[in-house]
Amino acid sequence: MAIEQIGIIGAGQMGGGIAQVSALAGYKVAIYDISADRVEAGIATIGGNMARQVAGGKITPETREAAMARISGGSDMSVLSEADLVIEAATEDETIKRKIYAQLCPLLKPTAIVATNTSSLSITRLASATDRPERFMGIHFMNPVPIMKLVELVRGIATDDPTFQAARAYVTALEKTITVSEDFPAFIVNRILLPMINEAIYTLYEGVGSVEAIDTAMKLGANHPMGPLQLADFIGLDTCLSIMQVLYDGLADSKYRPCPLLVKYVEAGWLGRKTGRGFYDYRGEVPVPTR
């Protein structure tokens, strides 16, 4: 299975990042989103990110120009019809993903591979919503994609070996490091990371420490580059809650119960950086703890 053209569903932060690294690795990339404005904004963001890479001496202006020329997109899903591999990077909602696959699969070549960038959902269950479960798997990139070196590869129960090997070759061409996970809720990284973040929120909820105290403790006491509450805001509190709910539902263990304070912040619409408020308020020049 030779992969030459990549299709990407979702022009947001993850989809744009995957498009960027794929184009820089020499792949033709087609991006689909529900509106032309979203696609244009996504491609413009990729251009800006590559311009910063040029300014930092990481790539040449010629490399940027060639990579940008490989990227196209549109708001009609038919832009993905020639892709050898389509990576779905839509919101972390199984119902939405299933609707996307129902629209997508009839448009694809019979040999095309479909992958999901889900950070927590069952690959086997998502594959069952397609017409090609043997050519479906998880390719989970970390955020931000151009900077983070790791990609988790996750096979569903039906994923065949040629599909897995083609995905491995693609990720290797991106110069990413691969870790292989079994198809269990939240895979490896988020199975470990999100309960730690949830515990930090419980520590705040129970009054053990303030936002600032907790983040400082973990940065200086555990040598983490970013405090867990700051990291939660970066990930998005809605995404954190979604992953914890998948763990709680999928593993039926009370240790994965989402903290009520996390639920309250999400209900308030305080989702972190993307909404201007989470555990920190980002509306001023300097982020200020909200508790």
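Structure: see above.
Residues numbered from 1 in each chain as written. Predicted model: local features only at pLDDT ≥ 70, side-chain atom pairs only at ≥ 80, totals over all residues. Heavy atoms only, no water.

(A) Layout of the overall build of the protein. In terms of regular secondary structure, the protein is built from 11 helices and 10 strands. Relative to its length of 291 residues, the protein is compact, with a C-alpha radius of gyration of 19 Å against a globular reference of 19 Å. Along the first, second and third principal axes, the C-alpha set of the protein runs to 55 × 45 × 35 Å. Here the protein, with 291 residues, has 46% of them falling under the buried criterion. The long-range share in the protein, meaning contacts at least 24 apart out of those at least 6 apart in sequence, stands at 65%. Surface summary for the protein: the accessible area is close to 13,500 Å², and the carbon and sulfur share equals 54%. Seen as two clouds, the 27 positive and the 32 negative side-chain charges of the protein have centres 2 Å apart. (Helix = DSSP H or I, 4+ residues; strand = E, 2+ residues; numbered from the N terminus. Rg over C-alpha atoms; globule rule 2.2 N^0.38 Å. Buried < 20%, exposed > 50% of the residue type's maximum accessible area, 1.4 Å probe, protein only. Contact = heavy atoms within 4.5 Å. Areas by Shrake-Rupley, 256 points an atom, 1.4 Å probe, with all protein chains shown as cover. Lys, Arg positive; Asp, Glu negative; His and termini not counted. Charge placed at Lys NZ, Arg CZ, Asp CG, Glu CD.)

(B) Structural context of the packing of helix α9 (residues 228-235) against helix α10 (residues 237-251). The geometry of α9 relative to α10 is characterised by a closest axis approach of 6 Å and an angle of 100 degrees between their N-to-C directions. Taken as axis vectors, α9 and α10 run roughly perpendicular relative to one another. Contact residues: α9 offers A232, D233 and I235, while α10 offers L237, T239 and C240. Class assignment of the residues belonging to the contact of α9 with α10 gives a composition of four nonpolar, one polar and one charged. (Axes fitted to C-alpha atoms, helices over the stretch in contact; angles between N-to-C directions. Parallel < 35°, antiparallel > 145°, perpendicular 65-115°, else oblique. Nonpolar A, V, L, I, M, F, W, Y, C, P; charged D, E, K, R; others polar.)

(C) Just helix α11 (residues 260-267), in detail. Inspection of α11 places L261, L262 and Y265 among the buried residues, and these make up the whole buried set. On an axial view of α11, the arc spanned by its buried residues comes to 105 degrees, and they lie on one face. Within α11, the exposed residues directed more than 90 degrees away from the buried face are K264 and E267. Those residues of α11 that are buried lie in contact with α7 (189-205) and α10. G269, located one to two residues past α11, shows a positive phi value of around 80 degrees. (Arc of directions from axis to C-beta.)

(D) Structural detail: the pairing of strand β4 (residues 85-88). Alternating positions in β4 separate into two faces, L85 and I87 on one and V86 and E88 on the other, with burial throughout. Note that strand β1 (residues 5-9) and β4 share four bridges and pair parallel. Residue pairing across strands places I6 opposite L85, the latter belonging to β4. Of the pairings in the sheet, the one linking β4 to strand β5 (residues 113-116) comprises four bridges and is parallel in character. Residue pairing across strands places I87 opposite A115, the latter belonging to β5. What joins β4 to β5 is helix α4 (residues 94-104), and the crossover it makes is right-handed. (Pairing = 2+ DSSP bridges. Right-handed = clockwise from strand over helix to strand, strands pointing away.)

(E) Highlighting the layout of surface pockets. Here the largest pocket is characterised by a volume of approximately 1,300 Å³. Lining the largest pocket are 44 residues, and of these Q13, M14, N143, I235 and T239 lie nearest its centre. Every element with two or more residues in the lining of the largest pocket is listed here: α1 (13-24), α4, β6 (136-141), α7, α9 and α10. Tallied by class, the residues present in the lining of the largest pocket amount to 22 nonpolar, 14 polar and eight charged. Approximately 770 Å³ is the volume attributed to the second largest pocket. If you go around the second largest pocket, you meet 29 residues; those closest to its centre are Q20, V21, Q53, P146 and I147. At the level of elements, α1 and α2 (36-55) are the ones that each hand at least two residues to the lining of the second largest pocket. Here the lining of the second largest pocket takes seven residues from α2, the largest share from any one element. Considered class by class, the residues forming the lining of the second largest pocket number 14 nonpolar, 10 polar and five charged. (1 Å grid on protein atoms, 1.4 Å probe; cavity = no way out; pocket = protein on both sides within 12 Å on 5 of 7 lines; lining within 4 Å. Points joined across faces, edges and corners; volume = space filled by probe spheres on them.)

(F) A look at the pattern of salt bridges. Within the structure shown, the criterion is met by 11 salt bridges. For R38, the salt bridge goes to D33, with nearest N and O atoms at 3.6 Å. For D33, a relative accessible area of 10% translates into the label buried. We note a salt bridge from R155 to D161, for which the minimum N-O separation is 3.4 Å. On the accessibility criterion, D161 (40% relative accessible area) is partly exposed. One continuous salt-bridge network, built from bridges that share partners, spans E88, E92 and K97. (Salt bridge = Lys/Arg side-chain N within 4 Å of Asp/Glu carboxyl O.)

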